[in-house]
Protein chains: 2
Amino acid sequence: MHLSDLPTPALILDRQRVRANTDEMRARVHAHGVALRPHAKTAKSAEVARIAVGDKGDALAVSTLREASYFLSQGFTDLIYAVCISPDKLDMSAALATRGADLKIITDNFAVAGAISNHDGNHRVLIEIDCGEHRTGVAADSSDLTELAVTVERSGRSKIMGVLTHAGHSYATRSPDAAAAVAEAERVAAVTAGQRLRNAGFETPIISVGSTPTATHGVTFDGVTEVRPGVYVFQDMFQVGIGSCCINAVALSVLASVIASNSERRTVMLDAGGLALSKDRSTAGLDFDVGFGQIADLSGVPFPGLRVNSVHQEHGEVFVEDPAQFADLTIGSKIRVFPNHACMTSAAYEAYNVVDGGVEVIDQWRRCNGW
Amino acid sequence: MHLSDLPTPALILDRQRVRANTDEMRARVHAHGVALRPHAKTAKSAEVARIAVGDKGDALAVSTLREASYFLSQGFTDLIYAVCISPDKLDMSAALATRGADLKIITDNFAVAGAISNHDGNHRVLIEIDCGEHRTGVAADSSDLTELAVTVERSGRSKIMGVLTHAGHSYATRSPDAAAAVAEAERVAAVTAGQRLRNAGFETPIISVGSTPTATHGVTFDGVTEVRPGVYVFQDMFQVGIGSCCINAVALSVLASVIASNSERRTVMLDAGGLALSKDRSTAGLDFDVGFGQIADLSGVPFPGLRVNSVHQEHGEVFVEDPAQFADLTIGSKIRVFPNHACMTSAAYEAYNVVDGGVEVIDQWRRCNGW
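Residues numbered from 1 in each chain as written. Chains lettered and ligands numbered in written order. Predicted model: local features only at pLDDT ≥ 70, side-chain atom pairs only at ≥ 80, totals over all residues. Heavy atoms only, no water.

### Points about the interface of chain A and chain B
Here's step 1: The interface of chain A with chain B comprises 56 residues on the first partner and 57 residues on the second.
Here's step 2: A buried area of about 4400 Å², summed over both sides, lies between chain A and chain B, and 58% of it is on carbon and sulfur atoms.
Here's step 3: It is Arg135, Gln313 and Trp371 of chain A in chain A that bury the most area against chain B; as a group they hold 18% of the surface buried on that side.
Here's step 4: Summed over the shared surface of chain A and chain B, the result is 10 salt bridges.
Here's step 5: Between Asp130 of chain B and Arg265 of chain A there is a salt bridge, with its nearest N and O atoms 3.3 Å apart.
Here's step 6: Between the two partners, chain A and chain B, sit 22 residue pairs in polar contact (both at pLDDT 80 or more).
Here's step 7: Its residues placed into classes, the side of chain A that touches chain B shows 23 nonpolar, 16 polar and 17 charged. (Contact = heavy atoms within 4.5 Å. Buried area = accessible area lost by both parts, 1.4 Å probe. Salt bridge = Lys/Arg side-chain N within 4 Å of Asp/Glu carboxyl O. Polar contact = N/O pair within 3.5 Å; in protein donor to acceptor, adjacent residues only side chain to side chain. Nonpolar A, V, L, I, M, F, W, Y, C, P; charged D, E, K, R; others polar.)

Here's what the structure looks like:
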């Protein structure tokens, strides 16, 4: 099937770009002698995860327990649920372990550490470290760190497996050097915390760091055992804007149709709006503001200056600065939109329509959405 | 099942509030002697639609052809697909008619009007009128109006059924009087256009207007045949902010758990983030800015001053201005978040967990998401 035969809006994934992005990251991380644990929250797809882990891998990070269950059923056993768990989710995580998952959960607080210890499951636990984002996690030098580990292991059932940190503040960097500096802070926080746990007698096999900018620009990963980037599998306009990649790396786009056009107002309306693109405006703070997405032709070649300027639920409005560009946007034309944020945009769809560098749909891959 | 037994995040719908909102709107519109055609794009649920239309109704507006197909299968036959159709969707709309739908499609341009006329289906068509939002639609006094109608009917198969307009700019109003003024502009545009079509010899049985603010505050609907509000079935914090309702009318909320807490930073982290709440920030421009949602206790009573200040994919960060409020937000606590925009937030979920004014889950209603 040709792309132009798909009803719109539809989610398009370029397998060739996914392979290039994931091969590059795997080679880069492995060259540092460190394991790669792709964060599956972006694609939520077993097919994408298999490409990302390569021949021998089966390690993933996940953002929901539903993802954990889905990927387990797809043969991925080495999983980290990389969001602080709440006590009422412990039954679910224990059930996943019973099904064969080597699931690691994370926490940063004593209430949950106590609940884990008291729970009748044998949980494998990472302490979350704050390396500067100040979202969640304890400081690497906090006295809480070892006390949390002691609390988790108090009952003798659950076990500390190491530390995890995420330099989410790398998204605020605007240059490779700045991202590298954050990567170093991420590494030092994780390694420091891991060493403190080891000194306190905990085995600590896992010292996990990761975000796409820090994994891309980090200079050394000494002492780290694994890196967990996520959005790099697809890339998006925000990652282009902050220098993680170039636009030719963006593997995800939304196929849309031109449904209305107004030459006086110089606008064109697409059938991809706030639901089809998401309301993420992460490029708003960048020099490189693409509104709600960069517009490209059916084959994926960007139209300079054309973006989705505003959205309603099912309408995406495009301001046509150069009237000559109306010729590319006649009623019924199908175009592609590269979104700001791949994780948010793809979540609106049940499946990817897969192309392989061209305009032929070669496959359809399902997503594991929701909770 | 008690609300607190649900895994989080979860979508909660208060049937009692849906009934109150929909009873009020139906009574109001019917008191004007006008038909109500609820826009099903907000709830995308047959159960909600049945409450909204009342005993005798089966008329809905829909925002996707997938909704049209779903609601048809649920017994709703009188449907308007209220987004300008693109030519490649005409096969789908014709197929719906073959299945028994009395489906009306809309357009505002000659390319589509010609495609409709040339298509082998017997389409029923409304011309979209621009009443001031300047999104789509032709002006009520435009010479294009009657020419579009002539174009649609040229082949003798498809038929003009009237006009449709949507005063989306009512969302920019901040007082009942201002919304009433937009409602009057909406009414005048639709009635003027409808009269012009009638004068030109088109039967024009449908003169359709509608948005929640204009349906709520409009003073007269003389000459209009139907009103199509959408979000009023659930309401949301944006509608509270612009004066469409009070907070006790908001029927939709997201159940979330406290997963982390930091007294030094005065933050609490929820397991409802950008995916669970959406990245809609429509209250940002209001006096009444609730971030990504207003926080309430498990029974739905708002906590003054507590909102979701920022979101990551699966994290919602709450700034706790008054440290005494940490007592309501201990680790593992379940709270509810009233979202900015009900249409966007509910789209992330497969189903509503239904309560009836209390905290007992009495039912689960599925949604028709995607395209």
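### Details of the domain arrangement of chain A
Residue and element names in this part refer to chain A.
Here's step 1: Along its sequence, chain A is organised into domain 1 (3-11 + 245-366) and domain 2 (15-230).
Here's step 2: For domain 1 and domain 2, the distance between their C-alpha centres works out to 33 Å.
Here's step 3: Summing the contributions of domain 1 and of domain 2, the shared interface buries around 1300 Å²; its carbon and sulfur component is 51%.
Here's step 4: When the buried area of domain 1 at its contact with domain 2 is split by residue, Cys343, Asp356 and Trp365 rank highest and sum to 37% of it.
Here's step 5: Where domain 1 meets domain 2, there are one salt bridge.
Here's step 6: One salt bridge in this structure joins Arg15 and Asp356, with 3.3 Å as the shortest N-O distance.
Here's step 7: The interface formed by domain 1 and domain 2 holds eight residue pairs in polar contact (both at pLDDT 80 or more) in total.
Here's step 8: Mapped by element, the contributors of at least two residues to the side of domain 1 that touches domain 2 are helix 11 (342-346), strand 18 (351-355) and strand 19 (363-366).
Here's step 9: Partitioning the side of domain 1 that touches domain 2 into residue classes produces 13 nonpolar, three polar and two charged. (Domains from an automatic or database assignment. Helix = DSSP H or I, 4+ residues; strand = E, 2+ residues; numbered from the N terminus.)

### Here we look at the pattern of salt bridges
Here's step 1: Going through the model one piece at a time under the given rule, you end up with 36 salt bridges over all chains.
Here's step 2: Ionic pairing is found between Lys104 of chain A and Asp78 of chain A, a salt bridge with its closest N-O pair at 2.5 Å. Of this pair, Lys104 of chain A sits in strand 5 (residues 102-107) while Asp78 of chain A sits in strand 4 (residues 78-81), and the two are 26 residues apart along the sequence.
Here's step 3: You can call Asp78 of chain A buried: its relative accessible area is 19%.
Here's step 4: For Lys89 of chain B, the salt bridge identified is with Asp271 of chain A, shortest N-O distance 2.5 Å. Remark: Asp271 of chain A occurs in the loop between strand 12 (267-270) and helix 10 (274-277) and Lys89 of chain B occurs in the loop between strand 4 (78-81) and helix 4 (90-98); the pair is interchain, linking two chains. Like Asp271 of chain A, Lys89 of chain B is buried. (Buried < 20%, exposed > 50% of the residue type's maximum accessible area, 1.4 Å probe, protein only.)

### Points about helix 3 (residues 65-73) of chain A
Owing to its 3.6 residues per turn, the α-helix brings residues three or four apart onto one side.
Residues and elements named next belong to chain A.
Here's step 1: Inspection of helix 3 places Leu65, Glu67, Ala68, Tyr70, Phe71 and Leu72 among the buried residues, and these make up the whole buried set.
Here's step 2: Buried residues along helix 3 sit against helix 2 (46-53), strand 3 (59-62), strand 4, helix 4 (90-98), strand 5 and strand 19.
Here's step 3: In the stretch just after helix 3, Gly75 is the one whose phi turns positive, near 100°.

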